[in-house]
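Overview (structure and organization)
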Amino acid sequence: MPIAALAALAAALVWAPAAQATFHLISVREVYPGSAAHPDSGYVELQMYASGQDLVGGHALTVYNAGGTASGTFTFASNVSNAANQQTILVGDSGVQSAFGVAPDLTASGIGIAAAGGAACWAGSIDCVSWGNFSGSTPSASGSPADPSGIPDGMALRRTLEPGCPTLLEGSDDSNDSATDFADASPSPRNNSSPIAEAACTGPAAAIDAKPANPTNATGASFTYRATPSSGASFECKLDAGAFAACPASGIEYPGPLGEGSHSFQVRAKNASEEVGAPAGYSWRIDTTAPTTTIDSHPADPSPGASASFAYHASESGAGFECSLSAGSAPGSFSACPSSGRTYTGLADGAYTFEVRATDPAANQGAATAYDWEVDNSLADTTPPQTTILSRPPDPSESSTASFTYESNEPGSSFECRLDGAAFAACAASGIAYTGLANGPHTFLVRAVDPSANVDPTPAGYSFDVEAPVTIAPAPAPLAPAAAPAPGPIPQSSASQLETMIASRPRRRTRDRTPTVRFRSNVAGARFQCSVDRARFRACRSPFTTRRLRPGRHRIRVRAIAADRVDSTPAGWVFRVTGGRGRNRCRHGGHARRDRCARRHKRRRHRA
């Protein structure tokens, strides 16, 4: 348990002054005159409001009649055993145990408590209570009697627990006025061996309402605070490493000057029983040092005025900035500007002064830092930049993602990119990537825009083909053998199962001008049609060898035909025929070579 909580509990359970073995810190807690049904069940209950109050031997409880004459004095023959804070002692008539099941610590037959009026006093003048039509006087002040009409039948007169802890008997609960301190309640006798039912209270919780800013350049500090509950609360405050000391309920001010750096304040509240609640705290930093500003980059002197950019920083993080631009000898005018920098455009020829100053989070404003330069628009840059592509995808590319990087010959340039027929749009200087590209040809263009807004009129470009492999789903597993169906065409509902698959094909880049493709279908007995480039589909069979192709990009497509159905998604392959040595071997050389070439071409045409 935290130290503060232990201290609060100790303060609640032990009322000052410190407990000792005595009998003085005992009050009358409850008076019951008995009832019409059980006239011999009357009792007076005493209660300790500090520990160690067990030396009751030889001390007496006295009961008075309405006129103030003692009607009975009942003296303890010995001390009681239990002396904890809130422990009770019961002085009762002979019928208390049979009526309530609780044995009195001192049985006083015929105790004679009159419901119409009377008084009871503990140990002479230590504590007294009066009620009903009591008209006499008591050794200890009891004020106005409680229940002026008498204690109702079957009810007891019990002390209320205010204004301190509402669940704990405390010295502050006795105002010496019986009408104020007591009220009717159902009888609940407790002897010295009964368990303690009361619960200790904690002090009121403190909260801070007004406090200095954090950070601040003020060297003084003012606080206001409050307590919950607020009734009867007092306060103690401390600053930094100081000790808690009493402070006004209206608030406290520390005029200072407090030193630069971090400070802390705490306030705690106490109730009328000196019970201390949880403290409230606040920490803040005093900063009286103004920040300095450094200009990191600025235009050359002289320079054109189409674009004049400045970058700057402050000596303290979190600072805000104000900038001023003045022409010639005109005075500057400061206004807020971004921490990322300030750019001015369209400046006329002449002398200019740029100033920037910083204000830190504590509201300290630093001196302005200035830069002077000449604007000469005859120096304006009208030369457009040159753009170069640094990296690009291969051609053809087997990936549907294409990444590019590029550069400009002028530092500080920005870039605009486009793909295929899209419009130019800004793109990052670090590069760009396109994803999900469809198979087929694509064209990428990029152009640089220099700091003077000159645009490269001849964008850098690159054209390429995407030839991502087409994933062909495997044929469905055959079903278990069943009765053979009647001969006839395949039902139309099975059309989705007709597929064409390429078994072998030429390389992506090949020197062979008459490449060969082998293919098959997942439906037995299927026929095939082939198409080369944009030619119409014609009947073919596997293997299929094309006619002589020119160098360049080509595409072969094959589709299966089964009964009355045609594969709606032909299998295809895109490749490139490259030029090279030997492409005219049949045209050059001896008669034997020309004859071999002629025979080979004749065979291929026959197969086609």
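Just so it is clear, the model here is predicted, and its values are computed rather than measured. (Residues numbered from 1 in each chain as written. Predicted model: local features only at pLDDT ≥ 70, side-chain atom pairs only at ≥ 80, totals over all residues. Heavy atoms only, no water.)

Things to note about the pattern of salt bridges
- Considering all chains together, one arrives at 17 salt bridges under this definition.
- A salt bridge links arginine 190 to glutamate 198, with the shortest nitrogen-to-oxygen separation between them at 2.9 Å. No difference in accessibility class separates arginine 190 from glutamate 198, as the two residues are buried.
- A salt bridge links glutamate 467 to arginine 508; its shortest N-O distance comes to 2.9 Å. (Salt bridge = Lys/Arg side-chain N within 4 Å of Asp/Glu carboxyl O. Buried < 20%, exposed > 50% of the residue type's maximum accessible area, 1.4 Å probe, protein only.)

Thoughts on the nonpolar core
- Counting 28 residues, the largest nonpolar core has Leu46, Val56, Ile89, Val91, Trp122 and Leu157 as its most contacted members.
- In this view, valine 56 contacts Phe23, Ile26, Phe76, Ser78, Asn79, Val80, Ile89 and Trp122; residues no more than four positions away in its chain are not counted. (Core = buried A, V, L, I, M, F, W, Y, C linked by side-chain atoms within 4.5 Å. Contact = heavy atoms within 4.5 Å.)

Focus on the confidence of the model for the chain
- In the predicted model, the chain carries a mean pLDDT of 87, and the fraction of residues at 70 or more is 87%.
- Segment residues 1-19: pLDDT under 50, and 19 contacts once partners within four positions in sequence are set aside and those in other chains are kept.
- Long-range and interchain partners of residues 482-496, a stretch whose pLDDT sits below 50, account for eleven contacts in this model, where long-range means more than four residues apart. (pLDDT = per-residue confidence, 0-100.)

Points about the sheet that holds strand β22 (residues 342-345)
- Across the sheet, which stays open at both edges, the three strands sit in the order β18-β19-β22 with antiparallel pairing between neighbours. Bordering the open sheet on either side are β18 (293-297) and β22, each of which pairs with just one other strand. Averaged over all pairs of adjacent strands, the angle between their axes in this sheet comes to 30°, without regard to strand direction.
- Bridge count for β18 against strand β19 (residues 307-314) is four bridges, and the pairing is antiparallel. Bridge pairing in β19 places serine 297 opposite alanine 311. (Pairing = 2+ DSSP bridges. Helix = DSSP H or I, 4+ residues; strand = E, 2+ residues; numbered from the N terminus. Axes fitted to C-alpha atoms, helices over the stretch in contact; angles between N-to-C directions.)

Side note on the sheet that holds strand β23 (residues 350-359)
- The strand order β21-β20-β23-β24 describes an open sheet built from four strands, whose pairing is antiparallel. Every other strand in the sheet has two partners, leaving β21 (335-337) and β24 (369-375) as the edge strands with one partner each. Sheet twist, expressed as the average angle between the axes of neighbouring strands with direction ignored, equals 35°.
- By the bridge criterion, seven bridges tie β23 to β24 in an arrangement that is antiparallel. By the bridge assignment, phenylalanine 354 is partnered in β24 with tyrosine 371.

Remarks on the state of the cysteines
- Scanning all chains against the criterion turns up five disulfides.
- With a sulfur-sulfur separation of 2.0 Å, cysteine 121 is cross-linked through a disulfide to cysteine 128. Taking the sign of the torsion about the S-S bond as the criterion, the disulfide between cysteine 121 and cysteine 128, at about 120°, is right-handed. The residues cysteine 121 and cysteine 128 share a single accessibility class, namely buried.
- The disulfide partner of cysteine 530 is cysteine 540, and the gap between their sulfur atoms is 1.9 Å. Taking the torsion about the S-S bond as the criterion, the cysteine 530 to cysteine 540 disulfide, at about 75°, is right-handed. Linking cysteine 530 in strand β35 (residues 527-532) with cysteine 540 in strand β36 (residues 538-540), this pair joins segments that are ten residues apart in sequence.
- In this structure cysteine 530 comes out as buried when scored by relative accessible area, which is 5%. (Disulfide = S-S within 2.5 Å.)

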